[in-house]
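Understanding the architecture of this molecule
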Amino acid sequence: MRGSHTRMFIYLTAGILFIICVIGMLYYGYKTFYIEKNVAPSDEYAYHFALIGEETENDYWKRVEKGAREAAAEEDIYLEYVAPQKADNESALKLLDRMISSNVDGIITQGIEGQRFKDLVHKGNEKNLPIVAIDADIPESGRKAYVGSNNVDAGKRAGQAISNNTTGEQYVGIVMGRFDAINQQERIDGLKSEIDQHPRIHLVAKEKSDITETGAAQATYSLLKEHPEITALIGISALDGIGIVDGLHKIAPHKSIYIIGFGLLPETRALIQEDKINATIAQYPEKMGYNAVKIMVKLQGKTVLDKERFIDTDIIKKEDLPPSRGDDE
Ligand code: BGC
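Residues numbered from 1 in each chain as written. Predicted model: local features only at pLDDT ≥ 70, side-chain atom pairs only at ≥ 80, totals over all residues. Heavy atoms only, no water.

Helices and strands together make up the secondary structure of the protein chain, namely 10 helices and 13 strands. Counting every position in the protein chain, which comprises 329 residues, the buried fraction comes to 49%. Of the contacts formed within the protein chain by residues at least 6 apart in sequence, a portion of 75% connects residues at least 24 apart. Of the accessible surface of the protein chain, which amounts to about 15,900 Å², a share of 54% is contributed by carbon and sulfur atoms. (Helix = DSSP H or I, 4+ residues; strand = E, 2+ residues; numbered from the N terminus. Buried < 20%, exposed > 50% of the residue type's maximum accessible area, 1.4 Å probe, protein only. Contact = heavy atoms within 4.5 Å. Areas by Shrake-Rupley, 256 points an atom, 1.4 Å probe, with all protein chains shown as cover.)

Here it is, written out as structure tokens:
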């Protein structure tokens with residue numbers, strides 16, 4: 001009797017554990033990629049485009065999406081937005097591959113360094129499926145066009161913000177989004193080219209934020225711990241400036257550091273108003289999304305001549321802040 005109770009108890013526990021595992025697998029499997037649910041566009045749309053973002057919950061990409069949706073509404077496009085839950089090249093490449101195999105009429109995606117991206121673009125081209133690079137470019141991949149910042153130039157501008165607005169010896173720490181993001185590398189190249197012209201300005205070290213605010217705060221901590229001589233910090237992806245301010249506030253609230261951010265998200269704007277960020281390089285992600293969809297429409301069945309559409313960047317200090325449209329930039 002006691003034996004059959006014990007067996008019953010073991011079976012029951014094993015059964016419950018099994019059900020928990022299955023639910024866990026389904027949940028985390030779903031969470032690995034965010035895919036919009038209603039993927040079947042109806043006939044009333046002119047075309048079906050896919051936009052692949054770098055990360056689902058990132059405010060910058062939400063703005064790219066917003067601009068893209070605006071253009072999609074104007075052009076009668078069914079726009080599918082997909083993105084890895086956490087930014088990483090491998091997941092983005094898998095999404096791109098999946099989208100190429102689906103029946104979309106065009107794909108808008110970041111350029112990713114390495115042969116795999118080029119092979120995938122080639123696969124798209126073979127199917128006559130135009131691929132437009134957004135935000136980060138690999139010109140030699142065969143992508144049909146690029147829409148985004150001129151990243152080398154944007155980095156140069158960040159360098160100019162330091163050279164024009166500081167005096168005396170400067171020791172600069174960089175907080176960057178990801179080491180393997182081509183646009184981040186290009187911004188650093190541009191930054192170096194400017195700084196190299198000013199012997200009083202020295203690049204000390206760089207750390208990555210994984211494009212999150214908390215990551216940027218941690219990067220700030222490591223930079224200042226390893227290099228207490230730092231006098232200026234530059235964040236070169238959109239949430240880095242915000243994270244730098246937060247990190248600095250916790251670690252060395254009284255240390256005077258010249259801070260440059262990237263982008264003009266509302267929080268960055270507020271920190272400029274409060275004199276906590278000295279300058280930022282505005283990027284206008286909504287314009288990128290908008291223009292990318294417009295170019296993709298032109299590309300249907302054709303090639304376009306303006307293959308590179310650079311969305312301007314601007315150095316913005318407190319006195320240059322444009323009036324807020326509420327939720328933009
Ligand atoms: C970059 C994007 C990046 C974003 C992260 C922007 O400055 O252009 O590539 O995904 O920052 O917040």
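Bringing the layout of surface pockets into the picture now. Approximately 270 Å³ is the volume attributed to the largest pocket. Broken down by element, the lining of the largest pocket gets its largest block of residues, three residues, from helix H8 (residues 240–251). A breakdown of the residues in the lining of the largest pocket according to their chemical character gives seven nonpolar, four polar and three charged. (1 Å grid on protein atoms, 1.4 Å probe; cavity = no way out; pocket = protein on both sides within 12 Å on 5 of 7 lines; lining within 4 Å. Points joined across faces, edges and corners; volume = space filled by probe spheres on them. Nonpolar A, V, L, I, M, F, W, Y, C, P; charged D, E, K, R; others polar.)

Before going further, it helps to spend a moment on the packing of helix H7 (residues 213–226) against H8. Look at H7 against H8: their axes get within 7 Å of each other, and the N-to-C directions meet at 50°. In this view, H7 runs oblique relative to H8, as classed from their interaxial angle. The hand of the H7/H8 crossing is right-handed. Residues Glu213, Ala216, Ala217, Thr220, Tyr221 and Leu224 of H7 form the contact with H8, whose own contacting residues are Asp240, Ile242, Gly243, Ile244, Asp246, Gly247, Leu248 and Ile251. The class makeup of the residues in the contact of H7 with H8 is eight nonpolar, three polar and three charged. (Axes fitted to C-alpha atoms, helices over the stretch in contact; angles between N-to-C directions. Parallel < 35°, antiparallel > 145°, perpendicular 65-115°, else oblique. Left-handed = near helix turned anticlockwise from the far one by under 90°.)

Evaluation of the coordinates by the stated rule reveals three cavities of 30 Å³ or more. Lining of the largest cavity is provided by 16 residues; of these, Glu54, Tyr60, Ile211, Ser237 and Ala238 occupy positions nearest its centre. Breaking the lining of the largest cavity down by element, the ones donating at least two residues are helix H2 (59–75) and helix H6 (182–195). Considering every element that reaches the lining of the largest cavity, the biggest residue donor is H6, with three residues.

Moving on, we come to the site of the ligand. Neighbouring the ligand are 13 residues, the closest being Glu54, Trp61, Asp135, Arg187 and Gln283. At 2.5 Å from an oxygen atom of the ligand is found a side-chain nitrogen or oxygen belonging to Asp135. One nitrogen or oxygen atom from the main chain of Ala238 is found 2.8 Å from an oxygen atom belonging to the ligand. Surface burial for the ligand is 99%, taken as the share of its 310 Å² of free accessible area covered by protein chains. Using a 2 Å cut-off from the grid points, one finds that the ligand occupies the largest cavity. Split into classes, the residues belonging to the shell around the ligand amount to five nonpolar, five polar and three charged. (Near = heavy atom within 4 Å. Polar contact = N/O pair within 3.5 Å; in protein donor to acceptor, adjacent residues only side chain to side chain. Sits in = over half its atoms within 2 Å of the grid points.)

A few words on the packing of aromatic side chains. Using the criterion set out here, one finds four aromatic pairs in the structure. Between Tyr45 and Tyr78, the ring centres sit 5.3 Å apart and the planes meet at 70°, which makes this aromatic pair edge-to-face. Of this pair, Tyr45 sits in the loop between strand S1 (33–34) and strand S2 (47–52) while Tyr78 sits in strand S3 (residues 77–84); the two residues are 33 residues apart in sequence, bridging distant segments of the chain. By relative accessible area, which is 33% here, Tyr45 ends up partly exposed. With 5.6 Å between their ring centres and 75° between their planes, Tyr60 and Trp61 make a pair best called edge-to-face. What makes Tyr60 buried here is its relative accessible area of 6%. Of note, Lys287 hangs over the ring of Tyr284, and the distance from its end group to the ring centre comes to 4.9 Å. (Phe/Tyr/Trp six-rings, centres within 6.5 Å; stacked < 30°, edge-to-face > 60°. Lys NZ or Arg CZ within 6 Å of the ring centre and 35° of its normal.)

Ile108, Val132 and Val293 are the most contacted members of the largest nonpolar core, which has 50 residues in total. Per element, the largest residue contribution to this core is seven residues, and it comes from helix H10 (residues 285–299). Aside from chain neighbours lying at most four places away, what touches Ile108 is Ala50, Leu51, Ile52, Val132, Ile134, Ala292, Val293 and Met296. With 20 residues, the next largest nonpolar core counts Ala50, Val82, Leu93 and Ile112 among its residues. (Core = buried A, V, L, I, M, F, W, Y, C linked by side-chain atoms within 4.5 Å.)

Another aspect to go through is the pattern of salt bridges. The tally for this structure, following the rule as stated, stands at 21 salt bridges. Salt-bridge contacts for Glu308 lead to Arg143; the nearest nitrogen and oxygen are separated by 2.7 Å. Here the residue Glu308 occupies a position in strand S12 (residues 308–310), and Arg143 occupies one in the loop between strand S5 (131–134) and strand S6 (145–148), the gap between them amounting to 165 residues. Taking the relative accessible area as the measure of exposure, Glu308 reaches 42% and is therefore partly exposed. (Salt bridge = Lys/Arg side-chain N within 4 Å of Asp/Glu carboxyl O.)

With that settled, consider the pairing of S5. Burial of the side chains of S5 extends over both faces: Ile131 and Ala133 are buried on one face and Val132 and Ile134 on the other. Relative to S5, strand S4 (residues 106–109) is paired through three bridges, and the arrangement is parallel. Along S5, the bridge assignment pairs Ile108 with Val132. Once the chain exits S4 it traverses helix H4 (residues 115–126) before rejoining the sheet at S5, and the crossover so formed is right-handed. Pairing of S5 with S6 involves three bridges; the strand directions are parallel. Within S6, the residue paired with Ala133 across the bridge is Tyr146. (Pairing = 2+ DSSP bridges. Right-handed = clockwise from strand over helix to strand, strands pointing away.)

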